[in-house]
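Residue-level structure breakdown
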Amino acid sequence: MGAFVRVLASVKTALEGGAHREPNAHPGARVMPSAPVVAPAANRAALVSSFARELEAVGGHFTGSATPEGLSAQIIEISDRVGALTVAIGGDGSFDSEPVAGALEQSGRDVIRCGVTADEAARRALIERIARADLAIVEAQCAIASTGTLVVTATPARPSALTLIPQALLAIVRADRIRADAAEAIVALGAETIANHRVAFITGPSRTADIEKLIVVGVHGPKQLHALVLWPADD
Amino acid sequence: MASTHNNFDFFAASEKAIGDTELRRKLANASGHHLDAAARTRAEFPRYDEEREAARRIKAEAIGRLDELLLQLKQRLETNGCQVFFAADAAAARNYIVGIAKRNGLKRAVKGKSMTTEEIELNPALERAGVEVFETDLGEYIVQLRHERPSHILTPAIHLSKEDVGTLFHERFGMTYTNEPERLTAVARDNLRSIFMTADLGITGVNFAIAETGTLVLVENEGNGRFSSTLPDTFIAVMGIEKVIPRLADLSHFLEILARAGTGQKITTYTNFITCPRGHSELDGPREIHVVILDNGRSAMLADPVMREALYCLRCGACLNACPVYRRIGGHAYGYPYQGPIGSILSPNLFGSGAGFLPFASTLCGACREICPVKIDIPKMLLHMRAKENRNHLKWPRGASRARRAVARFARLAKRPRTVRTLSRIAAWMIRPVVRDGYVRWMPPPFSAWTRTRDFPAPKSAPRRKPKSGGV
Ligand code: SF4
């Protein structure tokens with residue numbers, strides 16, 4: 001407590017002593033545009049194609065779009081392409097992930113479902129299992145068209161580890177949740193979500209340029225990033 | 001503010017660096033690459049200047065209301081379940097962090113890239129307390145293996161070639177020599193993966209702390225910051241007081257300019273938002289989050305109306321890449337964790353008068369001000385600091401007036417290595433009596449502090465006048 005008072009006092013004194021206190025001289029940023037919760041349908045195609053282009057530009061793979069009915073088949077196709085035998089799947093999305101998990105199992109794959117664990121040992125064990133997954137599947141809360149970014153919030157059934165430790169990541173995003181830019185995505189997320197969840201903006205596979213500025217992907221996080229756009233049934 | 005950072009002789013180091021054509025090639029290559037990429041990305045983004053103005057305005061507001069915002073940030077973080085510690089100086093921050101490690105019985109720390117923890121010299125303190133410390137950013141990992149310090153705030157191993165890294169990995173891990181970045185990166189990934197899975201302490205810096213929501217924002221490309229802030233049970237974020245921004249809505253303006261200025265990306269691979277510890281039903285995330293908010297000379301900068309602007313810095317690294325002096329001499333010559341133009345301003349303020357000569361190591365060409373995403377007027381501050389250092393009788397070694405003038409004129413000379421070499425020979429001659437085996441073992445005050453913790457290679461010209469038998 002003492003340290004806090006001391007530091008704050010030095011800051012206060014510095015501000016006042018400088019006679020440069022301009023409390024509201026700078027009204028700050030432009031007021032945040034209040035983005036509609038759902039992107040207007042007319043823009044949707046343009047936003048999807050911009051998202052796809054930018055994602056590819058940073059080394060991600062745009063794997064096309066799917067309807068709710070075609071989703072499982074498409075995911076199995078992507079799993080084949082990745083060569084994934086073990087797939088970890090997250091829940092808490094806008095669609096039921098169980099049919100997808102079932103279809104993956106039927107295709108002969110080992111499926112890891114995420115959820116609440118009984119105790120510390122089970123928790124550690126589940127993280128270890130996820131770490132060995134060839135592919136993780138999550139739904140992104142939204143995406144950013146101007147940068148090819150996927151915005152993923154962590155929940156009990158969609159832990160952070162899913163988007164971090166498996167070899168490859170497949171993120172599914174609904175077409176009506178692709179925003180134009182970061183400002184709109186942050187509005188769409190809202191302070192409430194950010195205050196209650198860990199959130200990650202993910203733009204392409206993990207990368208480094210620490211050795212002679214040569215870009216290498218997959219340094220710590222996923223080596224591959226795939227994104228699939230889901231067109232809602234009412235579209 | 002006594003510090004062991006100042007164990008370096010700028011004369012000797014810059015002379016050595018200027019003569020090192022291989023280093024110059026690496027620096028030109030790397031900073032040129034960043035500059036080109038950044039210029040391209042900015043050209044494709046018509047709103048760049050608008051966003052830059054907005055970001056600058058927000059920083060001005062945040063710094064002008066710093067007391068209020070720090071109080072708000074503290075309250076929000078605590079409401080979210082984080083523990084907040086304000087540290088007046090580096091020692092207080094170190095002691096607090098070491099205290100947590102001892103109390104929780106922590107043994108293995110993984111770190112994301114954090115210049116602030118370099119500033120407070122955290123690693124040796126943790127190691128003394130029995131904690132193994134692993135730098136996990138690839139560049140930091142490489143320099144840690146070489147027992148070096150980062151030479152660039154953004155790309156710590158910029159001074160090394162892929163051959164250097166290949167040799168290092170060959171020697172340290174016994175792997176077959178290769179200079180292929182993919183294979184070297186794969187080895188680092190494997191080594192660090194097992195360390196991440198077993199670490200009990202994660203430590204990172206903070207790029208932005210949002211007062212409104214009590215959220216820490218961490219940007220990075222590799223994912224090591226995400227690992228460090230997700231898997232270990234205890235997570236410590238270390239930030240300077242200047243990192244606070246008022247509102248969530250402010251953030252996008254910074255995200256739009258930070259990577260565009262630094263690496264030429266539109267946005268970094270990961271932008272991590274960390275607000276609260278792991279809930280009962282959650283699989284991961286730290287159980288304990290500590291936020292260390294560091295003053296360490298920053299409030300003194302705040303009190304100086306000219307210096308205040310330096311607190312806007314986003315640590316994007318662009319001014320280093322653009323600086324003709326940095327591109328000649330590299331980061332190590334500066335001798336402090338913050339290098340280049342902004343480093344020459346921060347170091348004397350954060351580390352004391354030992355770094356007082358740094359503001360003289362600039363050509364005042366203005367490239368830094370031009371490229372800075374928040375338009376910090378670095379040349380103006382350098383002049384201000386030169387005047388201040390002169391007033392405060394910046395201490396140069398006795399009889400060093402010639403060398404002193406040489407540094408004061410470094411400006412024009414940086415472009416003429418031969419001249420610098422000659423002048424540095426004068427410096428070399430001055431330290432001749434204390435050179436042994438090519439290393440400077442001892443220097444007269446005030447430079448004695450520089451050699452306290454580390455010997456440094458003597459300038460190349462010194463051995464010419466080698467003392468007859470073993471020296472002093
Ligand atoms: S001073 Fe400006 S250009 Fe230099 S690191 Fe800071 S923000 Fe970037």
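**Considerations on the overall build of chain B**
Scanning chain B from N- to C-terminus turns up 21 helices and 13 strands. Across the 472 residues that make up chain B, the buried fraction comes to 66%. Long-range contacts, defined as pairs at least 24 residues apart, comprise 75% of the intrachain contacts of chain B with a sequence gap of at least 6. Within the structure as shown, chain B displays about 16800 Å² of accessible surface, and the carbon and sulfur contribution to it stands at 50%.

**Things to note about unusual backbone geometry**
Not every positive phi belongs to a glycine, and Asp92 of chain A is a case in point at roughly 60 degrees. Topologically, Asp92 of chain A is positioned in the loop between strand E2 (86-89) and helix H4 (98-106). Assessed through its relative accessible area of 47%, Asp92 of chain A is described here as partly exposed. The phi torsion at Arg315 of chain B lies on the positive side, around 55 degrees, for a residue other than glycine. Along the chain, Arg315 of chain B falls in the loop between helix H13 (298-303) and helix H14 (318-322). Looking at Arg315 of chain B, the relative accessible area reads 15%, which means it is buried.

**Let's talk about the sheet that holds strand E7 (residues 234-240) of chain B**
Residues and elements named next belong to chain B. The 6 strands lie next to each other as E1-E10-E7-E4-E2-E3, forming an open sheet whose pairing is parallel. The open sheet has two edge strands, strand E1 (83-87) and strand E3 (132-135), and neither has a second partner. Geometrically, the sheet is characterised by an average inter-axis angle of 20 degrees between neighbouring strands, direction not taken into account. Summarising the sheet, strand E2 (residues 108-111) and strand E4 (residues 201-204) pair through 3 bridges and their orientation is parallel. The residue of E4 that forms the bridge with Val110 is Gly202. Lying over the sheet, helix H4 (residues 66-79) contacts E1, E7 and strand E10 (288-294), oriented at roughly 150 degrees with respect to E1.

**So, the packing of aromatic side chains**
Counting across every chain of the model gives 8 aromatic pairs over all chains. Ring plane angle 0 degrees and centroid distance 4.2 Å describe the contact between Phe85 of chain B and Tyr96 of chain B, whose orientation is recorded as stacked. In this pair, Phe85 of chain B is assigned in strand E1 and Tyr96 of chain B in helix H5 (residues 90-103), connecting sequence segments 11 residues apart. Ring-pair connections join several aromatic residues into one group, and the members of that group are Tyr141, Phe169 and Phe173 of chain B. Here Lys59 of chain B stacks its cationic end above the ring of Phe254 of chain B, 6.0 Å away from the centre of that ring. Sitting over the face of the ring of Phe4 of chain A, Lys74 of chain B holds its NZ or CZ atom 4.5 Å from the ring centroid.

**A closer look at the environment of Met197 of chain B**
Counting through the fold element by element, Met197 of chain B comes out in helix H10 (residues 181-198). Residues Met197 of chain B and Phe227 of chain B, spaced 30 residues apart in sequence, show a C-alpha to C-alpha distance of 8.9 Å.

**Topic: the sheet that holds strand E8 (residues 178-179) of chain A**
In spatial order, the strands read E8(A)-E5(A)-E6(A)-E9(A)-E9(B)-E6(B)-E5(B)-E8(B); together these 8 strands make up an open sheet with mixed pairing. Each of the sheet's edge strands pairs with one partner strand only, and the pair in question is E8 of chain A together with strand E8 (244-245) of chain B. Bridge count for strand E6 (residues 149-153) of chain A against strand E9 (residues 199-202) of chain A is 4 bridges, and the pairing is antiparallel. By the bridge assignment, Leu150 of chain A is partnered in E9 of chain A with Ile202 of chain A.

**Concerning the confidence of the model for chain A**
Should pLDDT be low for a region, the predicted coordinates there are not to be read in detail. Of the residues in chain A, 88% reach a pLDDT of 70 or more, and the chain-wide mean stands at 87. Overall, residues 23-37 of chain A carries pLDDT values under 50, and its contacts beyond four positions in sequence, including any with other chains, amount to 29 contacts.

**Things to note about the interface of chain B and chain A**
Chain B puts 92 residues into the contact, and the matching count from chain A is 76 residues. Summing both partners gives a buried area of about 7300 Å² for chain B against chain A, and 60% of it is carried by carbon and sulfur. There are 5 salt bridges connecting chain B and chain A. Here Asp284 of chain B and Arg198 of chain A are joined by a salt bridge, their closest N and O atoms 3.2 Å apart. Run the count over chain B and chain A and you get 21 residue pairs in polar contact (both at pLDDT 80 or more). For the side of chain B that touches chain A, the element with the highest residue contribution is H10 of chain B, accounting for 9 residues.

**Some details on the site of the ligand**
With respect to spatial proximity, the complete set of residues near the ligand consists of Cys313, Leu314, Arg315, Cys316, Gly317, Cys319, Ile342, Cys372, Pro373, Ile376 and Ile378 of chain B. Class assignment of the residues belonging to the shell around the ligand gives a composition of 9 nonpolar, 1 polar and 1 charged.

**Brief notes about the confidence of the model for chain B**
All names here are of chain B. For chain B, per-residue confidence averages 81 on the pLDDT scale, and 79% of positions sit at 70 or higher. Looking over chain B, one finds the lowest element-wise mean pLDDT in strand E12 (residues 439-440), namely 38, and the highest in E8, namely 98. For the stretch residues 427-472, pLDDT sits under 50, and the model shows 74 contacts to residues farther than four places along the chain or on other chains. Interface predicted TM-score (ipTM) for the complex: 0.90; the corresponding pTM is 0.84.

**Digging into the environment of Glu54 of chain A**
Within the fold, Glu54 of chain A resides in helix H2 (residues 41-57). Once the C-alpha coordinates of Glu54 of chain A and Ala140 of chain A are considered, the two residues, 86 residues apart in sequence, prove to be 16 Å apart.

**Looking at helix H8 (residues 138-145) of chain B**
Burial within H8 of chain B is extensive, with 7 of its 8 residues counted as buried. Where H8 of chain B is concerned, the buried positions are Leu138, Gly139, Glu140, Tyr141, Ile142, Val143 and Leu145 of chain B. Looking at the buried residues of H8 of chain B, the elements they touch are strand E10 (207-208) of chain A together with helix H6 (115-119), E3, helix H9 (162-173) and H10 of chain B. Sitting at the amino-terminal end of H8 of chain B is Asp137 of chain B, which places a side-chain oxygen 3.1 Å from the backbone nitrogen of Gly139 of chain B.

**Observations concerning the pattern of salt bridges**
Summed over the entire model, instances satisfying the criterion amount to 38 salt bridges over all chains. We note a salt bridge from Arg108 of chain B to Glu132 of chain B, for which the minimum N-O separation is 3.0 Å. Separated by 24 residues along the polypeptide, Arg108 of chain B in strand E2 and Glu132 of chain B in strand E3 bring together distant segments of the chain. Salt-bridge contacts for Glu256 of chain B lead to Arg260 of chain B; the nearest nitrogen and oxygen are separated by 2.9 Å. Highlighted residues: Glu256 of chain B and Arg260 of chain B, both in helix H12 (residues 251-262), separated by 4 residues, approximately one helical turn. Several salt bridges converge on common partners, so that one network encompasses Glu120 and Arg123 of chain A together with Asp233, Arg278 and Arg287 of chain B.

Conventions adopted
Residues numbered from 1 in each chain as written. Chains lettered and ligands numbered in written order. Predicted model: local features only at pLDDT ≥ 70, side-chain atom pairs only at ≥ 80, totals over all residues. Heavy atoms only, no water. Helix = DSSP H or I, 4+ residues; strand = E, 2+ residues; numbered from the N terminus. Buried < 20%, exposed > 50% of the residue type's maximum accessible area, 1.4 Å probe, protein only. Contact = heavy atoms within 4.5 Å. Areas by Shrake-Rupley, 256 points an atom, 1.4 Å probe, with all protein chains shown as cover. Pairing = 2+ DSSP bridges. Axes fitted to C-alpha atoms, helices over the stretch in contact; angles between N-to-C directions. Phe/Tyr/Trp six-rings, centres within 6.5 Å; stacked < 30°, edge-to-face > 60°. Lys NZ or Arg CZ within 6 Å of the ring centre and 35° of its normal. pLDDT = per-residue confidence, 0-100. Buried area = accessible area lost by both parts, 1.4 Å probe. Salt bridge = Lys/Arg side-chain N within 4 Å of Asp/Glu carboxyl O. Polar contact = N/O pair within 3.5 Å; in protein donor to acceptor, adjacent residues only side chain to side chain. Near = heavy atom within 4 Å. Nonpolar A, V, L, I, M, F, W, Y, C, P; charged D, E, K, R; others polar.

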